[in-house]
Amino acid sequence: MLAGLAVAGLLLPEAAAYAAIAGLPPRAGLTAAIIGGLVYLIVGRSRLAIVSPTSSAAAILAASLASLQTNVAGYTGAAAVLTALVGLIFITLSLAQIGVITGFISRPVLRGFGFALGLTIIVGQLPHMTGIDTGYGSVWHTLSQLWSQIGATNIASLATGVATLGLFLSLRRFRSIPAGLTVLLAGIMASSFLGLRELGVEMAPAVDFALSWRQGLQGQLSAIPELARMAVPIALILFAESWGTMRTLAIRHGEQLQASREVAALGLANLASGAMQGMPVGAGFSAGSANEAAGARSRLAGATACFVLVLVLMLAPGAVSLIPAPVLSAVVIAALLHSLSIAPFEQLKRLRRDYPLAIAAALGVLVFGVLNGMLFAIGLSLADLLHRLARPVISELGRQQPHSHNFVDLNAHKEAQRIVGLAIYRPNAPLIFANAESVLGQVGEAALAANTEVVVLSLEETDDLDSTAIEALLELEVILQRNGIELVLARLHDRAREGLRNAGSKLAEEGSFSVMDAVSGARSRLQALSS
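Since this is a predicted model, take the numbers as computed values, not measurements. Residue numbers run consecutively from 1 along every chain, following the written order of its sequence. Per-residue local features of the predicted model are confined to residues with pLDDT of at least 70, and side-chain atom pairs are confined, for both listing and counting, to 80 or more; whole-chain, interface and lining totals are unaffected and use all residues. Heavy atoms from the whole structure form the basis of all side-chain values; hydrogens and water molecules are not counted.

**Some remarks on a nonpolar patch on the surface**
Together, Phe307, Leu311, Met314 and Leu315 make up a nonpolar patch on the protein surface, roughly 470 Å² of accessible area in all. Positionally, Met314 belongs in helix α13 (residues 300–315). To count toward a patch, a residue needs a relative accessible area over 30% and no salt bridge; like charges are then connected within 9 Å, while nonpolar side chains (Val, Leu, Ile, Met, Phe, Trp, Tyr) are connected within 5 Å. We get accessible surface area from the Shrake-Rupley algorithm with a probe of 1.4 Å; when it comes to residues, only the shown protein chains can shield them. We count a salt bridge whenever a side-chain nitrogen from Lys or Arg sits within 4 Å of a carboxyl oxygen from Asp or Glu. The secondary structure listing takes helices from DSSP runs of H or I that are at least 4 residues long and strands from runs of E that are at least 2 residues long, numbered from the N terminus.

**Quick notes on the pairing of strand β5 (residues 422–427)**
Buried means the residue's accessible area, taken with a 1.4 Å probe over protein chains only, is under 20% of the maximum for its type, while exposed means over 50%, and partly exposed covers the values in between. Among the 6 residues in β5, 6 count as buried, and that is most of the element. Every second residue of β5 is oriented toward a common face, with Leu422, Ile424 and Arg426 on one face and Ala423, Tyr425 and Pro427 on the other, all of them buried. When DSSP finds two or more bridges between two strands, those strands count as paired. Here strand β3 (residues 394–399) pairs with β5 via 4 bridges, running antiparallel. Residue pairing across strands places Ser395 opposite Arg426, the latter belonging to β5. The pairing of β5 with strand β6 (residues 454–458) spans 4 bridges and is classified as parallel. Along β6, the bridge assignment pairs Leu422 with Val454. The handedness rule is simple: strands pointing away from the viewer, and a clockwise path from the first strand over the helix to the second, make the crossover right-handed. Each parallel crossover has a hand, and for β5 linked through helix α18 (residues 436–450) to β6 it is right-handed.

**Observations concerning the sheet that holds strand β7 (residues 486–490)**
One open sheet holds the 5 strands; their spatial order is β4-β3-β5-β6-β7, and the pairing between them is mixed. For this open sheet the edge positions go to β4 (407–409) and β7, each flanked by a neighbour on one side alone. Between one strand and the next, the sheet's axes are offset by a mean angle of 35°, whatever the strand orientation. With 5 bridges connecting them, β6 and β7 associate as parallel partners. Bridged to Leu457 within β7 is Leu489. For this analysis, residues touch if any pair of their heavy atoms sits within 4.5 Å. For helices, the fitted line uses only the C-alpha atoms of the stretch in contact; every axis is such a line through C-alpha atoms, and the angle between N-to-C directions lies from 0 to 180 degrees. Running at roughly 160° to β5, α18 makes contact with β3, β5 and β6 of the sheet.

**Thoughts on the side chain of Arg399**
Position of Arg399 relative to the elements: it lies in strand β3. When charges are counted, Lys and Arg contribute as positive and Asp and Glu as negative, whereas His and the chain ends are disregarded. Buried charge without a partner: Arg399 forms no salt bridge, and the closest opposite charge is Asp517, 9.6 Å away. A polar atom in the side chain of Arg399 sits 3.1 Å from the backbone oxygen of Ser404. Dropping the residues within four chain positions of it, Arg399 is found in contact with Ser404, Asn406, Phe407, Glu415, Ala416, Gln417, Ile419, Met516 and Arg523. Counting of polar contacts relies on pairs of N or O atoms within 3.5 Å, with two restrictions inside protein: one atom must be capable of donating a hydrogen and the other of accepting it, and residues adjacent in sequence are counted only when both atoms are side-chain atoms.

Keep in mind that these numbers describe shape and distance, not what the molecule does.
So this is what it looks like as structure tokens:
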């Protein structure tokens, strides 16, 4: 229960601030935190995950709503329908048991996207911190407007934001103190006793916490096709972020989670949030980490946080309108500072893996905006996957030691030796319709150039063969036979063997389960022929 109190202190400012990012009233964020959080607690199984509005979904929602060219009331209704559509996407994925589809967005791409998204949101909070109206636009538009109007900075607003940011970061080092709740109370006291409103400091809008679903649907049904298109990137980023958070917390605490059930729980949480005019929700890393750090042991902590939020909004709804906008902006900035760490990029650079992908994903968001940047990131991941599958490395194998059973890449192991009269090749990716012809064509060319008598093709990476791959294998066999070269398959999996057997190929019966067996059989046949 104490952990739940600490989480409530974080959710209250974050939910209101994330609603502001999306251009929605605070009620949309707070409703989502309460309704979506409670529904997940009933259906979901993670003990530590907290389902509430997230910064990434709020940013994509803002970009989506901005393209609708409607008023604030229209934003609220469109956001509600969009949230419900996100819920329907999750439920569809759960029923089809294809929640793992988000695995096609690679981690390096997500890291680059997260870095640029965090930077975009932080820059978007600077106008509230400075009191300068920059209008809606890209990161570069906001920065240029701030620079051109720097003389119009409201000193009281800037001082409030900077002081809040410093206080929040200082208190966050002490786990026993709810930093979010403390800075909120400090902001309300400063607003009341220092007259910040009179000094021109912007305040958070008042909260009307009357739960209703009808207003959210009025006039939005005709926009469902357009909103459905916008819901896809929100659902993708929400599940990628949520499942990553849930899985990380589960591994730390020995939990077992089923992806399909968690996707269904997220779907129902978003449906309920949309029905009550809320905004999209997911398991954000900051809230889950705060819950864990506060010492939560069960889902009771999340239930307590929701209950505290309800009490605050029922007993003191006017207090929210006393929160200075720079305080909410400072909370958002503090929550996202971790996303600006360059450590993930440095790690990728050290590994010499995927570093350009992460940089390209980050630049995509900064150049094309959040929504198009998300689509660009998805496209990058898929393009990288297709490139790896379509152009796999083909290794020529040799025996590691004279009497060893180990066959390794000749380029990587200089001590390895070729087998006289044999050439052994291994495609380092599954043979599928996209690469079978090109890969096996390269194998054929290498075999003809090697002037060998037997080609052993190791298919250890290929669990199954589609019809294109089977046809390409049979064509390779014919080409090699015409040139007096025998083709032997090694590391042939059962399903691949069955496909070749159905095609009537003798490769199915002659194929071996190991490279050593294939080499031994080929050498025996060569010796018999020579004798």
